[in-house]
Amino acid sequence: MKFPGSVLVSLVLFLSETTAALCLSAAYRAAGDPMWHWLTLLCALLPCVLVQLSLVFIHRDVTRDRPLVLLLHLLQLGPLVRCVEAFYIYYHAGRIEDPYVSITKKWQVPKDGYSEEIEKEVGQAERKLRTHRSAFSRASVIQAFLGSAPQLTLQLYISVMQREITAARSIFMLLSLLSIVYGALRCNILALKIKYDDYEVHVKPAAYLCIFLWRSFEIATRVTVLVLFSSVLRIWIFPVTMVNFFGFYFFPWILFWRSRSPFPENIEKEFSRVGTTIVLCLLTFLYAGINMFCWSAVQVELNDPDLISKSQNWYQMAMYYTLRFVENAFLLLMWYLHKTDIYMYVCTPLLFLRLLLGYCMAIFFMLVFYQFCHPCKKLFSSSITEALLSCLKFLFFMRKTPKSTVLREEAAVKTPENTDEAQSSSKTIDSQKGYLHQSASSNA
């Protein structure tokens, strides 16, 4: 049985970030900044409530008679209680013989073209521990992208506008960045478990390192670009964020509407149609929040029984990173053209290049992960590099098409000299044809 380390990491990040947010919010209030106080408090408390609801929903505590656990969740102590329960199960497992044992069958990842089926006994204690891991993984994703990501953006914006980074704020921003990166890492692991559910997947430390570096560069660059753009064009940041968010929010619903599939009814038996709709809306809300800052790694598919697509769409991923790079470059260009006196002592061209290079580094580590460190790379039918090359060829073709049109138009407009040469050459060809015809008739 695996040590529940992911549960402990999720709890430590949750408690440390919430505590730091409350302390920083109190500091803003003491300093006479009520707006920053309430915004910091809102970004801290809203994800706390959503984390409690997700843990209750995954463990199905509403249908079970557990009033004490529900009360602790109302007091925002749910993650702490769940962590204690998970470690209690871990340390007491094996002391008593488990009467309820099931057998699971999974395949090994092929080695040298050969794969072997593995049978494994799973007891009741291990099933409960898996439920705790799954619940904390999903809670970490919610905490990361509905709490830590807005919080990091807000605190970095405050630092830019005040031209000051205090020690408390820098520690808080570091904790928020770690929380977001960890949430993105859990998205990658969740994608592996869903897409390769029939295989026994083991993620190596090198793969974890590549994911960590990939997500760190991607998220840090994205947040910095949004903050810089909003610091000089405050009104235009709202259309940019709304287009991004609602584009990803409605994308799964548009695909579901085009597929003409029946409305999913198998999410939860106790849910009515309205309750199922609310759950689906919250799921797509989280999906849009993730894609605002980084690639989600899992694609929501509402016509699938698991609500997650199991296919690996390289071209969709390549298109996302291509368009996101173009968008980041455009936002940085707008910031560079409209920069104010705040950036008087900042080397703006160097910062511009560093941010673009940072996003390129994120793409580099992403390619390294999928090309060399992915635990199931032998099951790929194609690679991400092929999809990226196809996207670049498509963009190059779109850029090259107007030039070829101009060349054809220039070739169509001929000078008199060229026309005379063409006429003389056509006469020569006609005379040669006539000579050949006469010689052929005389021979006949």
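In the block above lies the structure referred to throughout.
About the cut-offs
Sequence order as written defines residue numbering, which begins from 1 separately in each chain. In keeping with the predicted nature of the model, local features appear solely for residues at pLDDT of at least 70, side-chain atom pairs appear and are counted solely at 80 or more, and the whole-chain, interface and lining totals rest on all residues. Just so you know, side-chain values use all the structure's heavy atoms and leave hydrogens and water out. To obtain an axis, a line is fitted to C-alpha atoms, over the contacting stretch when the element is a helix, and the angle between two such axes runs from 0 to 180 degrees between their N-to-C directions. Strands are runs of DSSP state E lasting at least two residues, helices are runs of H or I lasting at least four, and both sets are numbered from the N terminus onward. Between 65 and 115 degrees an angle is taken as roughly perpendicular, under 35 as roughly parallel, over 145 as roughly antiparallel, and anywhere else as oblique. By convention the crossing between two helices is left-handed if the near helix lies anticlockwise of the far one by an angle smaller than a right angle, and right-handed if it lies clockwise. Throughout, a contact is declared for two residues whenever any of their heavy atoms are within 4.5 Å. Each residue is assigned to one of three groups, with Ala, Val, Leu, Ile, Met, Phe, Trp, Tyr, Cys and Pro labelled nonpolar, Asp, Glu, Lys and Arg labelled charged, and all others, Gly among them, labelled polar. In this scheme, a residue with accessible area under 20% of its type's maximum is buried, one over 50% is exposed, and one in between is partly exposed, where area comes from a 1.4 Å probe on protein chains only. Each reported salt bridge corresponds to a side-chain nitrogen of Lys or Arg within 4 Å of a carboxyl oxygen of Asp or Glu. Within 6.5 Å between ring centres, the rings of Phe, Tyr and Trp (the latter by its six-membered ring) count as paired, and their orientation is classed by plane angle as stacked under 30 degrees, edge-to-face over 60, tilted in between. Lysine and arginine charges are scored as sitting over a ring when NZ or CZ, respectively, is within 6 Å of the ring centre and within 35 degrees of the ring normal.

Draft legend 1. Representation of the packing of helix H1 (residues 5–30) against helix H4 (residues 78–92) in the model. Contact pair H1 / H4: the axes reach a minimum separation of 10 Å and the direction vectors enclose 160°. In terms of orientation, H1 and H4 fall into the roughly antiparallel class. Relative to H4, the crossing made by H1 is left-handed. Contacts between H1 and H4 involve Val7, Leu8, Leu11 and Phe14 from the former and Pro79, Leu80, Cys83, Ala86 and Phe87 from the latter. Partitioning the contact of H1 with H4 into residue classes produces nine nonpolar, no polar and no charged.

Draft legend 2. Geometry of unusual backbone geometry. At Arg163, a position not held by glycine, the phi torsion is positive, near 55°. Relative to the helices and strands, Arg163 resides in the loop between helix H5 (124–162) and helix H6 (167–195). Arg163 gets classed as exposed once you look at its relative accessible area, which sits at 55%. Phi angles above zero are rare outside glycine, and Ala297 is one such case at about 70°. Mapped onto the elements of the fold, Ala297 is located in the loop between helix H9 (273–293) and helix H10 (314–337).

Draft legend 3. Representation of the pattern of salt bridges within the structure. Going through the model one piece at a time under the given rule, you end up with four salt bridges. For the salt bridge of Glu85 with Arg82, the shortest nitrogen-to-oxygen distance reads 3.9 Å. Separated by three residues within a single helix, Glu85 and Arg82 lie in helix H4, roughly one turn from each other. With relative accessibility at 25%, the residue Glu85 sits in the partly exposed group. Residue Arg82 is classed as buried on the basis of its relative accessible area, which comes to 1%. For Arg215, the salt bridge is made with Glu218, and the minimal N-O distance between the two is 3.2 Å. A residue pair is termed a helical-turn pair when its members lie 3 or 4 positions apart in one helix, as Arg215 and Glu218 do in helix H7 (residues 205–232) at three residues. Among the charged side chains, a network of salt bridges with common partners joins Arg222, Arg324 and Glu327.

Draft legend 4. Molecular detail of the environment of Phe364. Tracing the sequence through the fold places Phe364 in helix H11 (residues 348–373). Here Phe364 falls in the partly exposed class, since its relative accessible area comes to 45%. In this structure, the C-alpha to C-alpha distance between Phe364 and Cys210, residues 154 residues apart in sequence, is 9.6 Å.

Draft legend 5. A look at the packing of aromatic side chains. Counted under the stated rule, the structure contains 21 aromatic pairs. On the basis of an interplanar angle of 70° and a centroid distance of 5.5 Å, the ring pair of Phe3 and Phe87 is categorised as edge-to-face. Taken as a pair, Phe3 in the segment before H1 and Phe87 in helix H4 lie far apart in primary sequence, 84 residues in all. In this structure Phe87 comes out as buried when scored by relative accessible area, which is 15%. Geometrically, the ring pair formed by Phe369 and Tyr370 is edge-to-face, given 5.0 Å between the ring centres and 70° between the ring planes. Among the aromatic side chains, those forming a connected cluster through ring pairs are Phe248, Trp295, Tyr320, Tyr321, Phe325 and Tyr359. Its guanidinium or amino end placed over the ring of Tyr336, Lys339 lies 4.1 Å from that ring's centre, counting from NZ or CZ.

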